[in-house]
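# Topology and contacts: notes
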Amino acid sequence: MSDASDPLWRCRDAHCGAVLHTAELKHVIAPGITVDVCPRCGSPVKGMDEPEPVAETGPTPAPPVSFASALVYPFRGGGLLALGLGTVLVGVVAYGLPFLYGYIVTIFVYGCACNYLFDVVLTSANGEDKPPGLPDFSDWWDDILQPILLVVSTTVLCFLPTLLYFIGYLWHCWYEGWVPDPTEPACAWGVLSLSLLSLLYYPMALLAAVMFNTTRVVDPRLVIRSIARVLRPYATVCGFMVLMTLVRVAFRALVPDNLLLGHFVGVTLKLWGAVASMRLLGLLYRAHQSTLAWF
């Protein structure tokens, strides 16, 4: 029989169901709170004496994860202003700026862009169906630097296996005295396969990083399990992202980038696809938050 000062906890995952002491729980830091999760599977836990939640009888269902709604979303409300202003700023930055203050302007613009995309995910996940207003940039760390660092660190962590494999290939060639050949099957197929797996892994990892505001959750035990739980709608989101990438590639192939109009239209397509993709990620969490069971 457990002491009252050391209550028992049960994992909410039906496939795990582990019974744990307080000292065994794993703590994950989320925005403003600390979430206790199971150290074995990473799912949330509940007290042994906590009653099962009663299902609500009149829920308002989340909107379906559809391509059409995501494509129209950036043009609703203040989204059109954000898209237009973002096109001008990102387009000018992409042309290049003078040394020194050019780096500061670039960090500022891309920090605001990342901040806005995070707002799209969070507002969509919390039930908003209109794009957020322009992001706040009153604090350099919270509004500019932290969003960029979160995106960069999440991207690096997701594609780290690919990078390590390529470095391992180069080291093997050096050790054996060979000349590295990127077209060799052992290199090309290995890098390509790991890159595709990283691309499949990345959207869910980014969604978790934005929702928890930390890269600590970019953990295969959480991300892979979450992908498996919502595989079909997640595949829809990934398919949409691939489609938007193909549209941009086709546009670049047809319209030279050295044309001023073509350059800014390409930037608009890039931002449009990014906002629509983040909208779908937010809707994915909103529609399946009970299945994902992150909080």
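Please refer to the structure higher up on the page.
Here goes a summary of the coordinates provided. (Residues numbered from 1 in each chain as written. Predicted model: local features only at pLDDT ≥ 70, side-chain atom pairs only at ≥ 80, totals over all residues. Heavy atoms only, no water.)

A tally of regular secondary structure across the protein gives eight helices and five strands. The N-to-C order of helical and strand elements in the protein reads β-β-β-β-β-α-α-α-α-α-α-α-α. Each of the 295 residues in the protein was classed as buried or not, and the buried ones make up 37%. Partitioning the intrachain contacts of the protein with sequence separation of at least 6 by distance along the chain shows that 68% fall at a separation of at least 24. Within the structure as shown, the protein displays about 16900 Å² of accessible surface, and the carbon and sulfur contribution to it stands at 69%. (Helix = DSSP H or I, 4+ residues; strand = E, 2+ residues; numbered from the N terminus. Buried < 20%, exposed > 50% of the residue type's maximum accessible area, 1.4 Å probe, protein only. Contact = heavy atoms within 4.5 Å. Areas by Shrake-Rupley, 256 points an atom, 1.4 Å probe, with all protein chains shown as cover.)

What follows is about the nonpolar core. In terms of nonpolar packing, the biggest core is built from 43 residues, with Met204, Leu207, Met211, Tyr234, Met278, Tyr285 and Trp294 touching the most fellow members. Where this core is concerned, the elements lending two or more residues are helix 3 (101-125), helix 4 (140-176), helix 5 (185-212), helix 6 (220-229), helix 7 (231-254) and helix 8 (260-292). With eleven residues, helix 5 is the single largest residue contributor to this core. With residues near it in sequence (within four places) discarded, tyrosine 234 still touches Leu200, Tyr201, Tyr202, Pro203, Met204, Ile227 and Leu284. (Core = buried A, V, L, I, M, F, W, Y, C linked by side-chain atoms within 4.5 Å.)

A few words on helix 8. In a regular helix each residue adds 1.5 Å, so 33 residues correspond to 48 Å; helix 8 covers 44 Å between its end C-alpha atoms and thus fits that length. Considering bend angle alone, the principal kink of helix 8 is centred on arginine 286 and spans about 45°. A positive phi of about 50° marks alanine 293, the residue just after helix 8. (Expected span 1.5 Å × (residues − 1). Bend = angle between axes of the 7 residues up to and from the residue.)

A few words on the pairing of strand 1 (residues 8-11). Pairing geometry for strand 1 and strand 2 (residues 19-21), over three bridges, is antiparallel. Paired with arginine 10 across the bridge in strand 2 is valine 19. Where strand 1 meets strand 5 (residues 45-47), three bridges bridge the pair, whose relative direction is antiparallel. In the sheet register, cysteine 11 faces strand 5, and the bridge partner there is valine 45. (Pairing = 2+ DSSP bridges.)

Here the focus is the packing of aromatic side chains. The final tally for this structure, using the stated rule, is six aromatic pairs. Plain terms: the ring middles of phenylalanine 108 and tryptophan 140 are 6.0 Å apart, the flat faces sit at 55° to each other, and that makes the pair tilted. Separated by 32 residues along the polypeptide, phenylalanine 108 in helix 3 and tryptophan 140 in helix 4 bring together distant segments of the chain. One aromatic cluster is present, formed by Phe212, Tyr285 and Trp294 through successive ring pairs. (Phe/Tyr/Trp six-rings, centres within 6.5 Å; stacked < 30°, edge-to-face > 60°.)

Let's shift gears to the pattern of salt bridges. In this structure the tally under the stated criterion is three salt bridges. In this structure, the salt-bridge partner of aspartate 129 is arginine 279, at a minimum N-O distance of 3.1 Å. Highlighted residues: aspartate 129 in the loop between helix 3 and helix 4 and arginine 279 in helix 8, separated in sequence by 150 residues. The class for arginine 279 is buried, based on a relative accessible area of 3%. When its relative accessible area of 34% is taken as the criterion, aspartate 129 is described as partly exposed. Each of Asp129, Arg279 and Arg286 takes part in a single network of salt bridges with overlapping partners. (Salt bridge = Lys/Arg side-chain N within 4 Å of Asp/Glu carboxyl O.)

This paragraph deals with the packing of helix 5 against helix 7. The relative placement of two packed helices comes down to the angle between their axes together with the axis-to-axis distance. Axis separation between helix 5 and helix 7 bottoms out at 11 Å; the angle between their running directions is 110°. By the criterion of interaxial angle, the relationship of helix 5 to helix 7 is roughly perpendicular. Two secondary-structure elements touch here, helix 5 through Leu200, Tyr201, Tyr202, Pro203 and Met204 and helix 7 through Tyr234, Cys238 and Met241. A breakdown of the residues in the contact of helix 5 with helix 7 according to their chemical character gives eight nonpolar, no polar and no charged. (Axes fitted to C-alpha atoms, helices over the stretch in contact; angles between N-to-C directions. Parallel < 35°, antiparallel > 145°, perpendicular 65-115°, else oblique. Nonpolar A, V, L, I, M, F, W, Y, C, P; charged D, E, K, R; others polar.)

Taken as a whole, helix 4 carries its principal kink of about 55° at phenylalanine 159; the proline proline 161 stands between one and four residues after it. Every buried residue of helix 4 is accounted for by Asp143, Ile144, Pro147, Ile148, Leu150, Thr154, Cys158, Thr162, Tyr169 and Cys173. Glycine 177 occupies a position one or two residues after helix 4 and carries a positive phi of about 80°.

Moving on: the sheet that holds strand 1. Strand pairing within a sheet occurs via backbone hydrogen bonds; the two strands may be parallel or antiparallel. Strand order across the open sheet formed by three strands is 2-1-5, with antiparallel pairing between neighbours. Looking at the sheet topology across the chains shown, the edges are occupied by strand 2 and strand 5. On average, adjacent strands in this sheet sit at an angle of 40° to one another, irrespective of strand direction.

All right, on to the packing of helix 7 against helix 8 then. Where helix 7 contacts helix 8, the two axes come as close as 10 Å, and the packing angle between them is 180°. In terms of orientation, helix 7 and helix 8 fall into the roughly antiparallel class. Here the residues of the contact of helix 7 with helix 8 sort into 16 nonpolar, six polar and three charged.

Note that all results are geometric; they support no functional claim without further evidence.
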